[in-house]
Amino acid sequence: MCLHALCSVLDHKTHEFVPLREEYEGKKAELGKTEAEIQQMIQKRRLKIEEIKRSVDLSEEDADREIAEGVQVFTSLKESVEKGLNELIHTIKEKKKTTEKQAQAFIKKLEQEISELMKRRTEVEELSRSEDHLHLLQSVQSLNIHHSPPTKDWPEVSVHPSYDGTVRRAVAQLEETLSKEMKKLVEAELKKVQQYAVDVTLDPDTAHPSLILSEDGKQVSHGDVWNILPDNPKRFSVNPCVLGKQSFSSGRFYYEVQVKGKTEWDLGVARESIIKKEDIPLSPEDGYWTIWLRRKMKYKALADPPVSLSLKSRPQKVGVFVDYEEDLVSFYDADAAALIYSFTGCCFTEKLFPYLNPGLNDGGKNSSPLIISPAPL
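Calculation criteria
Each chain carries its own residue numbering, running from 1 in the direction its sequence is written. The predicted origin of the model limits local features to residues at a pLDDT of at least 70 and limits the giving and counting of side-chain atom pairs to 80 or more, whereas totals for whole chains, interfaces and linings rest on all residues. Each side-chain value is derived from all of the structure's non-hydrogen atoms; neither hydrogens nor water enter the calculation. Strands are runs of DSSP state E lasting at least two residues, helices are runs of H or I lasting at least four, and both sets are numbered from the N terminus onward. Each residue's exposure class comes from its accessible area (1.4 Å probe, protein chains only) as a fraction of the maximum for that residue type: buried when under 20%, exposed when over 50%, partly exposed otherwise. Any pair of residues with heavy atoms lying within 4.5 Å of one another is described as a contacting pair. Given the number of residues in a helix, its expected span is that number minus one, multiplied by 1.5 Å. Put simply, a patch holds well-exposed residues, over 30% relative accessible area, that have no salt bridge, with like charges counted together within 9 Å and Val, Leu, Ile, Met, Phe, Trp or Tyr side chains within 5 Å. Note on areas: Shrake-Rupley with a 1.4 Å probe; residue coverage comes only from the protein chains shown. The salt bridge definition used is simple: a Lys or Arg side-chain nitrogen within 4 Å of an Asp or Glu carboxyl oxygen. Among buried residues, those of type Ala, Val, Leu, Ile, Met, Phe, Trp, Tyr and Cys that are joined through side-chain atoms within 4.5 Å constitute a nonpolar core. Only strands joined by at least two bridges in the DSSP assignment are considered to pair. To obtain an axis, a line is fitted to C-alpha atoms, over the contacting stretch when the element is a helix, and the angle between two such axes runs from 0 to 180 degrees between their N-to-C directions. Using protein atoms alone on a 1 Å grid, points that fit a 1.4 Å probe yet trap it form a cavity, whereas open point sets bounded by protein on both sides within 12 Å along at least five of seven lines form a pocket; residues with an atom within 4 Å of a point count as lining. Grid points are joined across faces, edges and corners, and a volume is the space filled by probe spheres set on the points. Any pair of nitrogen or oxygen atoms within 3.5 Å is treated as a polar contact; in protein, a donor-acceptor pairing is required on top of that, and neighbouring residues in sequence qualify only through side-chain atoms on both sides. For Phe, Tyr and Trp, where Trp contributes only its six-membered ring, two rings pair if their centres lie within 6.5 Å, and the inter-plane angle classes them as stacked under 30 degrees, edge-to-face over 60, or tilted in between. When the NZ atom of lysine or the CZ atom of arginine is within 6 Å of a ring's centre and also within 35 degrees of its normal, the charge is said to sit over that ring.

**Student:** When you look at the overall build of the protein in this model, what are you seeing that I'm missing?
**Tutor:** For the protein, the count of helices and strands is three helices and 13 strands. Relative to its 377 residues, the protein shows a buried fraction of 29%. Taking all contacts inside the protein whose residues are at least 6 apart in sequence as the whole, residues at least 24 apart take part in 65%.

Below, the structure written as structure tokens:
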């Protein structure tokens with residue numbers, strides 16, 4: 001076959017020719033390769049469809065399980081509320097009944113005394129009309145007119161039932177029940193998120209020169225001397241921070257850090273594009289989702305604006321959980337199984353890294369290291 005298809009038959013002598021069979025075989029091989037590639041693409045998409053279907057099935061199972069758990073919990077809460085309401089009504093009715101009985105007893109006593117006093121008044125009236133002087137003197141002496149019959153000191157007696165605080169005490173009791181139920185829920189929630197535990201190690205290339213990292217990359221503390229380290233774009237140069245080596249851009253992950261013995265620290269996650277060479281505030285807007293401890297007892301979630309945290313006890317181990325697709329970062333007191341704080345609606349678009357700041361050494365007062373704990377079993 002001549003490559004110059006438009007030329008006449010007589011002009012073929014000087015033209016380049018390609019054997020027809022050779023071109024045929026070449027094209028056929030190309031088509032075969034293309035067909036294989038298409039078949040591979042089809043297979044990948046079929047596998048993806050199966051994966052999505054399995055995800056939907058798992059989602060349905062999770063949804064059913066969550067609904068069942070929710071129904072159980074809210075049914076229990078409803079029963080607790082109804083029980084509390086019934087006990088409140090019973091308490092008020094019993095107090096009302098007691099008050100009525102007490103009032104009836106007082107009224108009966110008052111009526112008896114009124115009867116006695118009316119009888120005494122009648123005797124006094126009759127005696128006052130007597131013209132018999134001797135009889136009057138004798139009767140007054142026997143009547144002992146200057147002494148009233150024994151009666152109660154009624155001005156000191158009152159019937160004022162107080163229901164103040166009855167509802168408040170009932171609600172406080174209900175709050176205690178709700179608190180117990182909430183603790184159970186958080187315990188169950190923590191066990192679930194711990195299933196996504198990852199093995200985190202610290203990245204020495206990001207560590208501020210004043211930080212001391214253990215050889216295994218599991219501990220970090222602040223030193224009084226700056227190490228001479230090569231500068232690089234990844235390294236923090238202002239604040240004593242360090243990132244984990246591992247990054248996450250999908251799914252869920254969880255890690256725990258021991259904070260025992262420390263007077264200050266920062267923990268959380270940071271996005272890849274954070275500025276490391278300036279003193280940037282820790283906030284979601286600047287790529288940080290963190291909580292901190294200051295002055296041994298002041299806890300804050302560094303949201304916008306920051307939120308002061310009131311914790312029942314000082315956490316010794318803090319768990320950090322991230323659900324990338326749900327835009328969620330949660331912090332837990334891992335030992336007490338209590339939720340510390342949750343960032344929601346985070347809008348993640350970049351890789352996330354574990355973020356740790358052990359705080360300044362403070363003359364040895366804050367020398368204890370932050371320790372990344374082994375993944376819980």
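**Student:** Mind showing me how you'd approach helix α3 (residues 166-193) here?
**Tutor:** Because the α-helix completes a turn every 3.6 residues, residues three or four places apart line up on one side. Here α3 is 28 residues long and its end C-alpha atoms lie 40 Å apart, about the 40 Å a rise of 1.5 Å per residue gives. Listed in full, the buried residues belonging to α3 are Thr-166, Glu-181, Val-186, Leu-190 and Val-193.

**Student:** Explanation requested: a nonpolar patch on the surface in the structure shown.
**Tutor:** Together, Leu-110, Ile-114 and Met-118 line one region of the surface with nonpolar side chains, adding up to about 250 Å² of accessible area. Positionally, Met-118 belongs in helix α1 (residues 20-128). For Met-118, a relative accessible area of 45% gives the class partly exposed.

**Student:** Explanation requested: the nonpolar core in the structure shown.
**Tutor:** In globular proteins that are soluble, nonpolar side chains generally tend to be buried together. Counting residues in each nonpolar core, the largest one holds 36 residues, and the members touching the most others are Trp-265, Val-329, Phe-343 and Leu-356. Not counting residues within four places of it along the chain, the set of residues in contact with Leu-356 comprises Leu-202, Val-220, Pro-240, Cys-241, Val-242, Tyr-255, Val-257, Asp-266, Leu-267, Leu-370 and Ile-372.

**Student:** Would you mind showing me how to read the sheet that holds strand β11 (residues 338-343) here?
**Tutor:** Read from one edge to the other, the open sheet built from seven strands follows the order β1-β2-β13-β4-β9-β10-β11, with strand pairing classed as antiparallel. Edge positions in the open sheet fall to β1 (211-213) and β11, since each of these has one partner strand only. Across the sheet, the axes of successive neighbouring strands diverge by a mean angle of 20°, strand direction being ignored. Here six bridges tie strand β9 (residues 317-323) to strand β10 (residues 328-333), and the two strands are oriented antiparallel to one another. Across the sheet, residue Val-318 finds its bridge partner in β10, namely Asp-333. Across the face of the sheet, α3 comes into contact with β4 (252-258), β9, β10 and β11 while running at roughly 115° to β10.

**Student:** Help me understand the pairing of strand β7 (residues 298-301), please; the structure alone is not making it clear to me.
**Tutor:** Along any regular strand, the residues point their side chains to alternate faces of the sheet. Every second residue of β7 is oriented toward a common face, the buried set being Tyr-299 and Ala-301 and the non-buried set Lys-298 and Lys-300. Here strand β6 (residues 288-294) pairs with β7 via four bridges, running antiparallel. Each residue of the ladder has a partner; that of Arg-294, found in β7, is Lys-298. The antiparallel pairing of β6 with β7 creates a hairpin that spans three residues between the two strands, and Arg-295 there sits at a positive phi of about 50°. Inspection of the sheet shows β7 paired to strand β8 (residues 307-309) by three bridges, in the antiparallel sense. Bridge pairing in β8 places Lys-300 opposite Ser-308. Taking the residues between adjacent antiparallel strands as the criterion, β7 and β8 are bridged by five residues.

**Student:** What should I look at first to understand the environment of Val-318 in this one?
**Tutor:** Among the secondary structure elements, Val-318 is positioned in strand β9. Through-space distance from the C-alpha of Val-318 to that of Ile-340 is 8.9 Å; in sequence the pair is 22 residues apart.

**Student:** Explain the sheet that holds β6 here, please?
**Tutor:** Adjacent strands of a sheet form backbone hydrogen bonds with each other and so pair up, either parallel or antiparallel. With antiparallel pairing, six strands are arranged side by side in an open sheet as β3-β12-β5-β6-β7-β8. Both outer strands of the open sheet, β3 (242-243) and β8, are each paired with one neighbouring strand and no more.

**Student:** Help me understand empty space enclosed by the protein, please; the structure alone is not making it clear to me.
**Tutor:** To find leftover empty space, a probe the size of one water molecule is rolled over the atoms. Tallying each qualifying case throughout the model produces two cavities of 30 Å³ or more. Taken as a whole, the largest cavity spans an internal volume of roughly 60 Å³. Forming the walls of the largest cavity are Phe-236, Asn-239, Cys-241, Ile-275, Lys-276, Glu-278, Ile-280, Leu-282, Tyr-288 and Tyr-355.

**Student:** I'm lost on the side chain of Ser-283 in this one. Help?
**Tutor:** Position of Ser-283 relative to the elements: it lies in the loop between β5 (265-271) and β6. Engagement of the side chain of Ser-283 in a polar contact is seen with the side chain of Asp-286, the distance being 2.9 Å. Every residue in contact with Ser-283, bar those within four places of it in the chain, is listed here: Tyr-288 and Leu-302.

**Student:** Just to check I follow, could you spell out unusual backbone geometry for this structure?
**Tutor:** The general pattern is negative phi for most residues beyond glycine and trans for most peptide bonds. Of note, the amide linkage connecting Asp-304 to Pro-305 takes the cis form, showing an omega dihedral of 0°. With respect to the helices and strands, the residue Pro-305 is situated in the loop between β7 and β8. You will see that Asp-327, though not glycine, has its phi angle at about 55°, which is positive. Here Asp-327 lies in the loop between β9 and β10.

**Student:** Help me understand the packing of aromatic side chains in this model?
**Tutor:** The description of two aromatic rings rests on the distance between their centres and on the angle between their planes. Overall, the coordinates contain nine aromatic pairs when judged by the stated rule. Considering the side-chain rings of Phe-236 and Tyr-355, the 6.3 Å spacing of their centres and the 70° angle between planes classify their relative orientation as edge-to-face. Within this pair, whereas Phe-236 is found in the loop between β2 (219-222) and β3, its partner Tyr-355 is found in strand β12 (residues 352-357), the two being separated by 119 residues in sequence. With centroids separated by 5.0 Å and ring planes inclined at 80°, the aromatic side chains of Tyr-341 and Phe-343 adopt a geometry described as edge-to-face. The class of Phe-343 is buried, set by a relative accessible area of 4%. Each member of the aromatic cluster is reached from another via a ring pair, and the members are Phe-236, Tyr-288 and Tyr-355. Lying over the aromatic face of Phe-236, Lys-276 brings its terminal NZ or CZ to 5.9 Å of the ring centre. Stacked on the ring of Trp-292, the Lys or Arg Arg-294 has its end atom at 3.8 Å from the ring centre.

**Student:** What should I look at first to understand the environment of Arg-314 in this one?
**Tutor:** Mapped onto the secondary structure, Arg-314 falls in the loop between β8 and β9. Distance from Arg-314 to Val-259, taken between C-alpha atoms, is 9.6 Å for residues 55 residues apart in sequence. When near neighbours in sequence (up to four residues on either side) are disregarded, Arg-314 contacts Lys-262, Leu-293, Lys-296 and Tyr-299. Here the side chain of Arg-314 touches Lys-262 through a polar contact of 3.0 Å, landing on its backbone oxygen.

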